[in-house]
Structures are given as structure tokens and as C-alpha cells.
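# Observations on the three-dimensional arrangement
Listed here are the chains, written in short residue letters.
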Amino acid sequence: MEKQKVVLITGGTSGIGLGTVEYLLEQKGYCVLSFSRSKDHIEAAKKKLGAKAEAVCFLQGDVSSRQDCVQLAKIIDERYHRLDGLVNAAGIIKLGGIEKQTYEEWDKSMAVNLTSVFTITKELLPLLKKGTNPSIVNISSMASGRVGGSIAYCAAKAGLDAMTKFLAKELGPYGIRVNSINPGAVYTNIYVASGDYDQKSYDQWSKDKVTLYPLGRIGDAKKDLAPAIEFLLSDKALWTTGDIILVDGGISI
Ligand SMILES: NC(=O)c1ccc[n+]([C@@H]2O[C@H](COP(=O)([O-])OP(=O)(O)OC[C@H]3O[C@@H](n4cnc5c(N)ncnc54)[C@H](OP(=O)(O)O)[C@@H]3O)[C@@H](O)[C@H]2O)c1
């Protein structure tokens, strides 16, 4: 029997991260770990997964805390001794341009959406080097190139795309692939979590958006994003690295 791939998904309790957790469990061949902050969100994710939740290792911590990332690497080392896949899906947004966005929002966006990927990759690198066909998948956004919404978010995601390419070049000689999935609008909790929308207005926003998409709908985390993420994690993509892949229902055309 083939060895399972040990894969860590940051932000695996909601939205794109949780959709990917669910999808990987269904593919078999994956031992899935999640890393996120809120205990309540972990409990909610377990409830959503039902019996399948037992197969997931939910770890608690903040990707923007260096200390938490160091501790995370220690736990994975003790329990699994290696890492075959890392999906950097934890992320936040707070809407606003230069006039509205505060310094605090800018700093937080950089810390969670950009610096965290540097920290977590640095701390987990020794474990990835011990993995089999290791793969890092960064969840960026179409907003890295098609700007709008939040100045800090767009800048962080553009920085993340540059980091993806840099890491692909640097880590290629170790056999570690680094790619990015850049989604269009996906129905998740990100805007309700930020307080920019309440559930009702977000649902309306999501409905209003569909006319902009050539495929006539916004994305579903599990159906539309997770398969692309899994492809990059898998041995089907062994010669794919440094790619920034739009998965956006055609809105960028
Ligand atoms: N939804 C979209 O339309 C869209 C489009 C393009 C790109 N994306 C990107 O997709 C990724 C996932 O977003 P989503 O839409 O799925 O959002 P979501 O539903 O709000 O999920 C975000 C996840 O990240 C975790 N998280 C947030 N801050 C964290 C931190 N400091 N440390 C650890 N975990 C943290 C959250 O759990 P806790 O709050 O419990 O920590 C949650 O599990 C993000 O990088 C986002 O930028 C989303």
C-alpha cells in the first residue's frame, strides 16, 4: 500500500481550507492536519465533517505568531517526523483603500496573509525536506493582479505570488514544488468574519456577483477549489512549480 501523504492545511476549519480538508479525506491517501486559532471554529468544523473528523488532526494556533509556528513544527516533528504537503489557506480581509484602511488593518493583513507564509514555510522546511515529493500550495487571490476591495489584501497577495515564485526557484533543488492557486470569489466566511458584511448582505453580494462570471456562478470551496489544490499536492504535478494558477470561473478573461 502506498504511504499516505501528510498534509497540513492552515485555516482548515472554514471556507477553502475546510473544503480542501473534506476533499482530501475523500481522495484517501492523505493524512490531514489543520492549523487555526478558534476552538469554536474547530468544533464547528468537526460537526460539519461528522464521523470523518476523527481522521483529522486539528491543531490550534495563530499563523501570525512566530512562537505558534515554532510549536506547530515541533508537534508535527514529534508525531509525523515529516511533511509531504503544506496548503497555506489561512487568510483575512478588511475592505478599504488608502483613505479608509487603517495602519492596524494594514499590519494585520501583512502579518496573516503574507509574513505568516514566510514564517510557516521557514519553520516547516526541515520537515518538508524529509517528505516524499513535497509540495507547497499557497492560496493567493485573483486580487493580486486584478485589484479592488482592500489595498492591504491586494498588496499582500501580490507579495505572496512573488514569494511563491521565489520559493519555487530556491526549493526546487530539494525537490520541493511551490505553486499558487488564485481564486475568484468563493462562497466562504471571510467577509462575515471581517465584519464587512453580515450573513444576509454577504448572501446578497454573492448573488449579485454571479452575473460577472462567465460560468454564471461564484466558486464552491470543495467542488471548485479543492480539486485544483489536490492536483498540485499530488504526484500528478511533479513537474509543475512556480505556477500562479487562476481558478476564477473566468472572471479575469
Ligand atoms: N473567499 C474568497 O472569495 C476568496 C477569494 C480569493 C482568495 N481567498 C483566500 O482563500 C483563503 C481562505 O479564505 P476563506 O475565504 O476560505 O476564508 P474563511 O472562510 O474566513 O476561512 C479562513 C480560515 O483561516 C483561519 N485563520 C484566519 N486567521 C488566522 C490566523 N491568524 N491563524 C490561523 N488561522 C487563521 C480561520 O480560522 P480561525 O479564525 O479560527 O483562525 C479559518 O479557518 C484566504 O487566504 C483568502 O485570502 C478567498
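Heads up: these notes are all about the structure in this document. Please read all numbers here as calculations on a predicted model, not as lab measurements. (Residues numbered from 1 in each chain as written. Predicted model: local features only at pLDDT ≥ 70, side-chain atom pairs only at ≥ 80, totals over all residues. Heavy atoms only, no water.)

Taken together, 29 residues surround the ligand, and among them Thr13, Ser14, His41, Tyr153 and Thr188 come closest. At 2.8 Å, a backbone N or O of isoleucine 16 approaches an oxygen atom of the ligand. The protein chains hide 95% of the 880 Å² of surface that the ligand would expose on its own. Of all elements in the fold, only helix 1 (15-27) and helix 5 (151-171) reach the threshold of two or more residues within the shell around the ligand. Class assignment for the residues of the shell around the ligand results in 12 nonpolar, 14 polar and 3 charged. (Near = heavy atom within 4 Å. Polar contact = N/O pair within 3.5 Å; in protein donor to acceptor, adjacent residues only side chain to side chain. Areas by Shrake-Rupley, 256 points an atom, 1.4 Å probe, with all protein chains shown as cover. Helix = DSSP H or I, 4+ residues; strand = E, 2+ residues; numbered from the N terminus. Nonpolar A, V, L, I, M, F, W, Y, C, P; charged D, E, K, R; others polar.)

In this structure, the second largest pocket encloses a volume near 260 Å³. Together, 12 residues line the second largest pocket, and Glu2, Lys3, Gln4, Lys5 and Gly29 are the ones closest to its centre. Here the residues of the lining of the second largest pocket sort into 2 nonpolar, 5 polar and 5 charged. (1 Å grid on protein atoms, 1.4 Å probe; cavity = no way out; pocket = protein on both sides within 12 Å on 5 of 7 lines; lining within 4 Å. Points joined across faces, edges and corners; volume = space filled by probe spheres on them.)

It is worth spelling out helix 3 (residues 66-80) at this point. The end-to-end C-alpha distance of helix 3 is 21 Å, a good match for the 21 Å that 15 residues give at a rise of 1.5 Å each. Within helix 3, the full set of buried residues consists of Cys69, Leu72, Ala73 and Ile76. In a view along the axis of helix 3, the buried residues occupy a sector of 95°, so they form one face of it. For helix 3, the exposed residues set more than 90 degrees away from the buried face come down to Gln67 and Glu78. Buried residues belonging to helix 3 abut strand 1 (5-10), strand 2 (30-36), strand 3 (56-60) and helix 4 (103-129). Count one or two residues on from helix 3 and you reach histidine 81, which has phi positive near 65°. (Expected span 1.5 Å × (residues − 1). Buried < 20%, exposed > 50% of the residue type's maximum accessible area, 1.4 Å probe, protein only. Arc of directions from axis to C-beta. Contact = heavy atoms within 4.5 Å.)

Now for the pattern of salt bridges. Enumeration according to the criterion identifies 8 salt bridges in this entry. Aspartate 235 is the salt-bridge partner of lysine 5, the closest N and O atoms lying 2.8 Å from each other. Here lysine 5, found in strand 1, pairs with aspartate 235, found in the loop between helix 8 (221-233) and strand 7 (244-247); they are 230 residues apart in sequence, far enough to count as distant. In this structure, lysine 236 engages glutamate 230 in a salt bridge whose closest nitrogen and oxygen atoms are separated by 3.4 Å. We classify lysine 236 as exposed; its relative accessible area is 58%. With relative accessibility at 7%, the residue glutamate 230 sits in the buried group. (Salt bridge = Lys/Arg side-chain N within 4 Å of Asp/Glu carboxyl O.)

Attention shifts here to the packing of helix 4 against helix 5. Between helix 4 and helix 5, whose axes approach to 8 Å, the crossing angle comes to 15°. When the axis of helix 4 is compared with that of helix 5, the two are roughly parallel. Considering only the axes of helix 4 and helix 5, their crossing is right-handed. Every residue of helix 5 that contacts helix 4 at Glu105, Trp106, Ser109, Met110, Asn113, Leu114, Val117, Phe118, Thr121 and Leu125 is listed here: Ile151, Ala152, Tyr153, Ala155, Ala156, Lys157, Gly159, Leu160, Met163, Leu167 and Leu171. (Axes fitted to C-alpha atoms, helices over the stretch in contact; angles between N-to-C directions. Parallel < 35°, antiparallel > 145°, perpendicular 65-115°, else oblique. Left-handed = near helix turned anticlockwise from the far one by under 90°.)

Counted according to the given criterion, the structure contains 1 cavity of 30 Å³ or more. Reported here for the largest cavity is a volume of approximately 30 Å³. Its residues assigned to classes, the lining of the largest cavity shows 4 nonpolar, 3 polar and no charged.

Turning our attention to a nonpolar patch on the surface. Together, Ile98, Trp106 and Ile151 make up a nonpolar patch on the protein surface, roughly 300 Å² of accessible area in all. Locating isoleucine 98 in the fold gives a position in the loop between strand 4 (85-88) and helix 4. (Patch = residues over 30% accessible without salt bridge, like charges linked within 9 Å, V, L, I, M, F, W, Y side chains within 5 Å.)

This part is about the sheet that holds strand 3. Taken in spatial order, the 7 strands line up as 3-2-1-4-5-6-7 in an open sheet, and their pairing is parallel. The open sheet terminates on both sides in strands that have one partner only, identified here as strand 3 and strand 7. When the angles between neighbouring strand axes are averaged without regard to direction, this sheet yields 20°. Here 6 bridges tie strand 1 to strand 2, and the two strands are oriented parallel to one another. Each residue of the ladder has a partner; that of lysine 5, found in strand 2, is tyrosine 30. Across the face of the sheet, helix 5 comes into contact with strand 5 (135-139), strand 6 (177-183) and strand 7 while running at roughly 160° to strand 6. (Pairing = 2+ DSSP bridges.)

Attention now goes to the side chain of lysine 5. Its relative accessible area of 11% is what places lysine 5 among the buried residues. Here aspartate 235 takes part through its side chain, which lies 2.8 Å from a polar atom of the side chain of lysine 5. With near-sequence residues (within four places) excluded, lysine 5 lies in contact with Gly29, Tyr30, Cys31, Asp84, Thr132, Asn133, Leu233, Ser234 and Asp235.

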